[in-house]
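# Close look at the chain arrangement
Okay, here's what each chain looks like letter by letter:
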Amino acid sequence: MTVPAPATAAAPQNPAPGPARRRGRRATLVIGLTLTALVVVVAALSLVWLPYPLTDISGGRLSPPSLAHPLGTDRLGRDLLSQLMVGARIALTVGAGAVMIAAVLGTAIGLAAAFARPWLDDTLSAGLDVVIAFPVLLLAMLVVAVQGPSLGSAILAIGLAMSAVVARLTRILSRRVLQEQFVTAARTSGTRTPGIVWHHILPNIAPTLAVALALQFGVAVLAEASLSYLGLGAPPPNASWGRMLQEAQGTVLTAPVGAIAPGVAVIVLVLGVNFLADGLRDVTDPTRRRSR
C-alpha cells in the first residue's frame, strides 16, 4: 500500500512584492518630488531675484556660457538663465491654473452626469466623448484664437480642454460609489443629494482624481509650451519655454544651449510630475498598499 505524497501548499495568487520592488516604488516618489521641487524652487526664486531683467539686451548676441551668463544669451542679447527661471514660473502658473479649472468644471459636470436621468446622462456622456476625441492642444488653440494670445487665455483654454477628461472620470467613479451599500443606507436615512456628494462621494473619489489631475498637470505644461511655440501663449516680454525653443530653432547649430536648456526644463518638469503621480497612485491605491 503506497502512502500518498503530502499535498503541497498552493502558491499565493498575489505574492507580496520584494524589497527591491518596494524600494523602486519609494524611489519613484522621491524622484518625482525632487524634480518637481527643483522647478518650484527655481520659479519661486524668480519672484525675488533674476540675474538680469528680461528686457536687458546688453549681453551680446548669442554669447556662449560664461560666469556672467551661465547659459549664454539669445539672438537679442538677453540672458537665457533669466528667461529659463521666468519660464518655470509661467509653466507652473499655467499648469496649476489649468488643473484648477479642469478640477472644478470637470468634477461638477461629472457629478451632474452621475446623478442625472438616463437620457441626460447619455447626452452628457456623448458630449464628453466628442470633446475628448479632439487633442487638448487643438481645443486650446481654438479658445486662444477667440480670446487672443495671453497668459490668461492659455490657462482658460487648457483648463477647458482638460475638463472633459476629468468629467468623464468623475462620472465613472461617482456611479461606482453610488452603488455601494453605505450610500443606499444614507439615502434610506434621509440624507439629501448634497450630503451624499460631500460626505460619501467626494471623499471616496478624491484619491483617484488627485492622481489623474497630477497627470493632467504634465499635459498642461506640454500644451502651454506648444501654444507658446506657436506664438499663442503669453506675449513678450514674458519668457516661456516654448517661445525660447521657437526663437532658438534658427540658431540651434551655432548656439545649441538656447534650445537644449528649455527642452531639458520641460522634460524635467513633466517627468517629475508623472513620477509624482505614479508615486501618489502607489500611496492612495488600497490594493497596492495591501500588497506591500
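Structure first, text after, so check above.
Structural notes, computed from the coordinates.

The rules behind the values
Residues numbered from 1 in each chain as written. Predicted model: local features only at pLDDT ≥ 70, side-chain atom pairs only at ≥ 80, totals over all residues. Heavy atoms only, no water. Patch = residues over 30% accessible without salt bridge, like charges linked within 9 Å, V, L, I, M, F, W, Y side chains within 5 Å. Areas by Shrake-Rupley, 256 points an atom, 1.4 Å probe, with all protein chains shown as cover. Salt bridge = Lys/Arg side-chain N within 4 Å of Asp/Glu carboxyl O. Helix = DSSP H or I, 4+ residues; strand = E, 2+ residues; numbered from the N terminus. Axes fitted to C-alpha atoms, helices over the stretch in contact; angles between N-to-C directions. Parallel < 35°, antiparallel > 145°, perpendicular 65-115°, else oblique. Left-handed = near helix turned anticlockwise from the far one by under 90°. Contact = heavy atoms within 4.5 Å. Nonpolar A, V, L, I, M, F, W, Y, C, P; charged D, E, K, R; others polar. Expected span 1.5 Å × (residues − 1). Core = buried A, V, L, I, M, F, W, Y, C linked by side-chain atoms within 4.5 Å. Buried < 20%, exposed > 50% of the residue type's maximum accessible area, 1.4 Å probe, protein only.

## Structural notes on a nonpolar patch on the surface
A cluster of nonpolar side chains, Ile31, Ile267, Leu271 and Phe275, forms an exposed patch at the surface whose accessible area comes to about 340 Å². With 3 residues, helix H9 (residues 257-284) is the single largest residue contributor to the nonpolar patch. Inspection of the secondary structure puts Phe275 in helix H9.

## Some thoughts on the packing of helix H7 (residues 193-229) against helix H8 (residues 241-248)
Viewed as axis vectors pointing N to C, H7 and H8 meet at an angle of 40°, and their least axial separation amounts to 6 Å. Judged by the angle between their axes, H7 and H8 are oblique. For the pair H7 and H8, the crossing hand works out as right-handed. In this structure, H7 contributes Ala225, Ser228 and Tyr229 to the contact, and H8 contributes Gly242, Arg243, Leu245 and Gln246. Here the residues of the contact of H7 with H8 sort into 3 nonpolar, 3 polar and 1 charged.

## Some details on the environment of Met162
Note that Met162 resides in helix H5 (residues 151-178). Along the primary structure Met162 and Leu213 are separated by 51 residues, whereas in three dimensions their C-alpha atoms are 9.4 Å apart. Discounting residues that sit within four places of it in the chain, Met162 has contacts with Ala98, Val99, Ala102, Val136, Gln216, Val219 and Ala220.

## A look at the pattern of salt bridges
The full count for this structure, using the stated rule, is 5 salt bridges. By sharing partners, the salt bridges in this structure join Asp74, Arg78 and Glu247 into a single network.

## Some points on the packing of H5 against H7
Across the interface, H5 lies against H7 with an axial gap of 8 Å and an inter-helix angle of 150°. Taken together, H5 and H7 sit at an angle that is classed as roughly antiparallel. Relative to H7, H5 is oriented so that their crossing is right-handed. Taken together, the residues that form the contact of H5 with H7 break down as 19 nonpolar, 6 polar and 1 charged.

## What about H7?
Two residues of an α-helix separated by three or four positions point the same way, owing to the 3.6 residues in each turn. Its 37 residues place the ends of H7 only 45 Å apart at the C-alpha level, less than the 54 Å of an ideal helix rising 1.5 Å per residue. Downstream of H7 by a residue or two, Gly231 has a phi angle that is positive, lying close to 80°.

## Observations regarding the nonpolar core
The biggest cluster of nonpolar side chains holds 52 residues, and the ones touching the most others in it are Ile158, Met162, Ile201, Trp241 and Leu269. Looking at which element gives the most residues to this core, the answer is helix H2 (residues 80-115), with 14 residues.

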